[in-house]
Amino acid sequence: VRVCTYACGCTYHPRRVDSRTIYVGHRSSSTNEAFIPPKFCDNRIVSSKYTVWNFLPKNLFEQFRRIANFYFLIIFLVQVIVDTPTSPVTSGLPLFFVITVTAIKQGYEDWLRHKADNEVNKYPVTVLEQGRRIRKESEKIKVGDVVEVEEDVTFPCDLILLQSSRDDDTCFVTTASLDGESNHKTHYTVPDTEKDLETLNATIECEQPQPDLYKFVGRMHIYKNDQEPAVRSLGPENLLLKGATLKNTQRICGVAIYTGMETKMALNYQGKSQKRSAVEKSINAFLLVYLCILVSKALVCTTLKYVWQGKPGQDEPWYNEKTQREKDTNLYLKMFTDFLSFMVLFNFIIPVSMYVTVEMQKFLGSFFITWDKDFFDPEIKEGALVNTSDLNEELGQVEYVFTDKTGTLTQNNMEFIECCIDGFQYKYRDASSDLDGFCVTDGPLNKVQEKAGREELFLRALCLCHTVQVKESSEQGQGQRDQVDGFGLDGEVLPPLREQRGFIASSPDEVALVKGAMRFGFTFLGLESKNMKILTRNNDIEMYELLHVLNFDPVRRRMSVIVRSKSGDTLLFCKGADSSIFPRVRQEEEGYRTLCVAYKNLSAEDYAQADAGLMEARLALQDREQKLMAVYNQVETGMSLIGATAVEDRLQEEAAETMEALQGAGIKVWVLTGDKMETAKSTCYACRLFQRNTELLELTVRTLEDGGRRREERLHELLLEYHKKAVQDAPTWSSANQDYGFIIDGATLSMVLNSSSESNSSRYKNLFLQICQNCTSVLCCRMAPLQKAQIVKMVKNSKGSPITLSIGDGANDVSMILEAHVGIGIKGKEGRQAVRNSDYAIPKLKHLKKLLLAHGHLYYVRIAHLVQYFFYKNLCFILPQFLYQFFCGYSQQPLYDAAYLTMYNICFTSMPILAYSLLEQHICIEVLLDNAALYRDIAKNGMLRWRPFLYWTLLGVFHGLLFFFGVRFLFSNPALQDNGQVFGNWSYGTIVFTVLVFTVTLKLALDTRHWTWINHFVIWGSLLFYVFFSFFWGGIIWPFLKQQRLYFVFANMLSSVSAWLVIILLILLSLLPEILLVVFHKPRGPRQVELRHIHTFPLYFTHSFSPRFIYLFHFLTVLPLFSLWFWSSLMEPIFNIFIRGI
């Protein structure tokens, strides 16, 4: 659909059209028509989620979508509407606390977004209007404004480059904040534009905004003195994107075409899909169990209440006669009301405060990764980065690691090693060798000299076929290293002219090849006014006119240039992957990146045809890429192969040790790369992913063609053969199993995943997956970015839903990083797009070892203990309340005071577990790093399975029964005070609550193995706060309370010796079984027993204690039992007789 343009000059959009028309400088193309500029969105950027007006309703709506929050809201409303035994404050205050803390956190984060938006929107920019330079705020830029941008300034919107201060009408840009590419990119002005932009009369017709950063289609109509308008094509090379930064260019001018939320940067701004950890799923499952327990308790109490009241005289005793209204109430309505009342009474078994504690633990815990000094890299002067804190514990559950090769396992620091010209291999040794650094390894010297013409043609191709820009030493400032890509010559022995050159390129491969040609005597001097200059080994300067650049793309896997020499010859030089240029190039098993070089002489007719085809394709608004691709493929045919180059990419620091540690931790490593198989295989051997005794199972195009049968038949045959060898015949009982490695390429993977038959495709996929899962390592080569994501998704969705992690450093790794459960970006040389889309970012691959084996291990143990502990302490809290109903006629009488109900989870028991979940180190970090096998014992969510959950639940039941019946045993004594009075029901509940608070807190203290001053402060401080609060709450008559149940109860309780003794004995008895279990349990190994306790029992530090301390510990655990027996059998009868005598 074309834009409908009326005489008034405005554009009418009946629906979403495919293109828009922009008037440069808001000047109409016709002087006879009134000009009304079309309306487009302003230049404001809005990344915030809330405003002042909608924050409260929107945030509350989002929070109450969580099941736990909504459940407590219902409970609170029930307490307000129905006559329940507890005050609405008991549910409302904790809910208010959780909602408030979460709202403050989210509000603060949104305030930061508002602040960042204002910094961008209020940034001053220069706009050219009517010959004047006017300063404006960025948000006031309109589509059609001509904007001036100076060096090192970020572009305020998407611009079409009209004018540059450079003589060659180019500018350099870095787009690190957009696509992650930190190297310089070259952009070009629109040809034939006026030098004086005030007199420029032009319109731009371009596509509507779309998010692809690398695609742009448009054309400019330039009007001059009633002549036919000149039409110039516009492409990505003319487009300056918002967020990119101008480099090495003093000033540019451009016209705004996309503004505000229509810029490509804004269209690419989208929140990553929410990833949920396995811990969250376990919490939901446990919550469902406890919800069933809650409903069961309420049903049991409601049923027993009406059974009990059905007995004669129990329903309406003489001291509690019913009112007429109660008698008239419907029985079923009353039963439902009683059920709701019991639900309210027992609702604290659901730990609503656990959610806010977990969020705080994740948020605060993520700072430990950021603060870790071992993650700091002095080369880039940066440390680790945490983009999301929701997956900290998932780092301790990883089962599969999918890694890129180039830039992740290797340094992405390319070095020219050797080349092959017409079948002869050359290596560079030093400048004094034959032929300016050539070292011939194949063939006699005279034959090499005979082929000097071919060698020079090869070196000219390396000097001309690229997009490298030269940066002179005067532009570099101090030092010889480029400020962006860092490619200098690093002290190489070269002539002064060559020594002072740096290079700007979007790929380190191109710089390595240009520097390789430089070593052999051919130096690229730069591009001036469409002329490429090279310095030959004879110090002659040659000029070549650059006619066309056929850009590299991942589909063609090659790039070409068309140049014209001084003699008038038109040449096409092409370089690319061996598979895309000449698959039969001689290949060495050195593991180098092989790039083939070819050329073609173009006749005048051939060039004219190619030039016309390229011009027509570049002016097309529809299907421009497909048309360009067709012309490229037509031109790049019939070429002659000159030779091949080998570029070496060295391993990352400690890459082999890191991979070895991951495999020792039980993690399977898959390498997903776009490189050829020989290169990737060599890297896997160097990283120790493949060992010498590893049997490689290869499933590539080469193996499919070996049998001389149809590919699909051969594929099926090989899959069955490998499945029998790696899966069916693999002994599961032997520790000396044969290690298998699996290799597959992209073409074969497409056949596996996209077979012609759906049944075959599913079968192939299952066989392939089973084979890979039984191999120690898997190598996938020649992978497209989409295939990487498909591999990750296939493993992630396989049986058992294993936790996956993807790590990479380039834009081609983003898809697999987003697909995996945990995505990690490397702050490498391929930019920062992987870092921006990752969950965590680290400077080097070696840091992955500590991130998983230490931080991940500890985070998982901490949060698993936090979750189990929360359910345990709430069960201890509510079980006595449930048991109390059997002794109060199911009257819904609360056991605890409302203040205790409210403050138990908020104040009395919250801080110790938060400190534990942040600081605990059950095993020191050095031991975790030295013993990678420790990681296996917590794998597959080991601490949050049903067995540990059942243990914690039974422990809570045991403690709850002990609290209730232990205190009831005390109350069997009729005289507990010095004055002979007996305690009341609130004293009973206060003693139970005191034992409860001290027991659950000391239980956590026993579980703590890494003590800091913070642990001491919060544990003992929480107990002191409880005592102080109880005295303070019960020692003052509060005027705002209608009834004060605890007035002087706590102080009166502590005046009884019996109460003191029972409190101490019950605390010791509660903790005694666990203490005895650990003390008497004989370890079979120094570490095995520690990890056995991780799975089922809490962690203690007994193995580091001396035998003398153990004996003392035994004595202290037996003493309470003897004291209880002595008191109950001897002292209590004597004490009772003495009291009666008085």
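Residues numbered from 1 in each chain as written. Predicted model: local features only at pLDDT ≥ 70, side-chain atom pairs only at ≥ 80, totals over all residues. Heavy atoms only, no water.

## Things to note about the overall build of the protein
Okay, step 1: Along the backbone of the protein there are 37 helices and 36 strands.
Okay, step 2: Looking at the 1142 residues of the protein, the share that counts as buried comes to 54%.
Okay, step 3: Within the protein, contacts between residues at least 6 apart in sequence are counted, and of these 72% link residues at least 24 apart.
Okay, step 4: Summed over its atoms, the accessible surface of the protein is roughly 51900 Å², and 57% of this surface lies on carbon and sulfur atoms. (Helix = DSSP H or I, 4+ residues; strand = E, 2+ residues; numbered from the N terminus. Buried < 20%, exposed > 50% of the residue type's maximum accessible area, 1.4 Å probe, protein only. Contact = heavy atoms within 4.5 Å. Areas by Shrake-Rupley, 256 points an atom, 1.4 Å probe, with all protein chains shown as cover.)

## Considerations on the packing of helix α21 (residues 711-728) against helix α22 (residues 746-753)
Okay, step 1: Interhelical geometry of α21 versus α22 gives an angle of 85° and a closest axis separation of 11 Å. In this view, α21 runs roughly perpendicular relative to α22, as classed from their interaxial angle. Here Arg711, Glu712 and Leu715 of α21 lie close against α22, whose contacting residues are Thr748, Met751 and Val752.
Okay, step 2: For the contact of α21 with α22, the class distribution of residues is three nonpolar, one polar and two charged. (Axes fitted to C-alpha atoms, helices over the stretch in contact; angles between N-to-C directions. Parallel < 35°, antiparallel > 145°, perpendicular 65-115°, else oblique. Nonpolar A, V, L, I, M, F, W, Y, C, P; charged D, E, K, R; others polar.)

## Focus: the UniProt feature "binding site: Mg(2+)" (unreviewed entry) in the protein
Okay, step 1: Using the residue numbers shown here, the UniProt feature "binding site: Mg(2+)" (unreviewed entry) corresponds to Asp404, Thr406, Asp809 and Asp813. These annotated residues cover 410 residues of sequence, but their C-alpha atoms sit close together, with the largest distance between any two at 10.6 Å.
Okay, step 2: For Thr406, a relative accessible area of 8% gives the class buried.
Okay, step 3: In this structure, Asp809 sits in the loop between β34 (804-808) and α25 (814-819).
Okay, step 4: Since its relative accessible area comes to 0%, Asp809 is described here as buried. (UniProt positions renumbered as here; feature names shortened; annotations may be inferred.)

## What about the sheet that holds strand β31 (residues 695-699)?
Okay, step 1: Reading across from one edge, β16-β36-β35-β34-β17-β30-β33-β32-β31 is the order of the nine strands in this open sheet, with mixed pairing throughout. Both outer strands of the open sheet, β16 (385-386) and β31, are each paired with one neighbouring strand and no more.
Okay, step 2: Taken together, the five bridges between strand β32 (residues 740-745) and strand β33 (residues 777-781) define a ladder with parallel strand orientation. Bridge pairing in β33 links Ile744 to Cys780. (Pairing = 2+ DSSP bridges.)

## Observations concerning the packing of aromatic side chains
Okay, step 1: If you walk through the whole model with that rule in mind, you get 48 aromatic pairs.
Okay, step 2: Ring plane angle 75° and centroid distance 6.0 Å describe the contact between Phe368 and Trp371, whose orientation is recorded as edge-to-face. In this pair, Phe368 and Trp371 are both assigned in helix α8 (residues 353-371), three residues apart and thus about one turn of the helix distant.
Okay, step 3: Among the residues examined, Phe368 registers a relative accessible area of 29% and is labelled partly exposed.
Okay, step 4: On the numbers, 6.0 Å between centres and 65° between planes, the contact of Phe877 with Phe993 is edge-to-face. (Phe/Tyr/Trp six-rings, centres within 6.5 Å; stacked < 30°, edge-to-face > 60°.)

## Quick look at the packing of helix α28 (residues 898-908) against helix α32 (residues 985-1007)
Axis angle and axis distance: for two packed helices, these are the angle between their axes and the distance between the axes, and together they describe the pair.
Okay, step 1: Across the interface, α28 lies against α32 with an axial gap of 12 Å and an inter-helix angle of 10°. With respect to α32, the element α28 is oriented roughly parallel. The crossing of α28 and α32 is right-handed. Every residue of α32 that contacts α28 at Tyr900, Tyr904 and Phe908 is listed here: Thr990, Phe993, Leu996, Val997, Val1000 and Thr1001.
Okay, step 2: For the contact of α28 with α32, the class distribution of residues is seven nonpolar, two polar and no charged. (Left-handed = near helix turned anticlockwise from the far one by under 90°.)

## Considering unusual backbone geometry
Okay, step 1: Positive phi, normally seen in glycine, also occurs at Glu654, with a value near 60°.
Okay, step 2: Locating Glu654 in the fold gives a position in the loop between β29 (640-651) and α18 (655-664).
Okay, step 3: Positioned with a positive phi, Ser801 is a non-glycine residue whose angle comes to about 45°.
Okay, step 4: The topology assignment puts Ser801 in the loop between α24 (785-796) and β34.
Okay, step 5: Looking at Ser801, the relative accessible area reads 45%, which means it is partly exposed.

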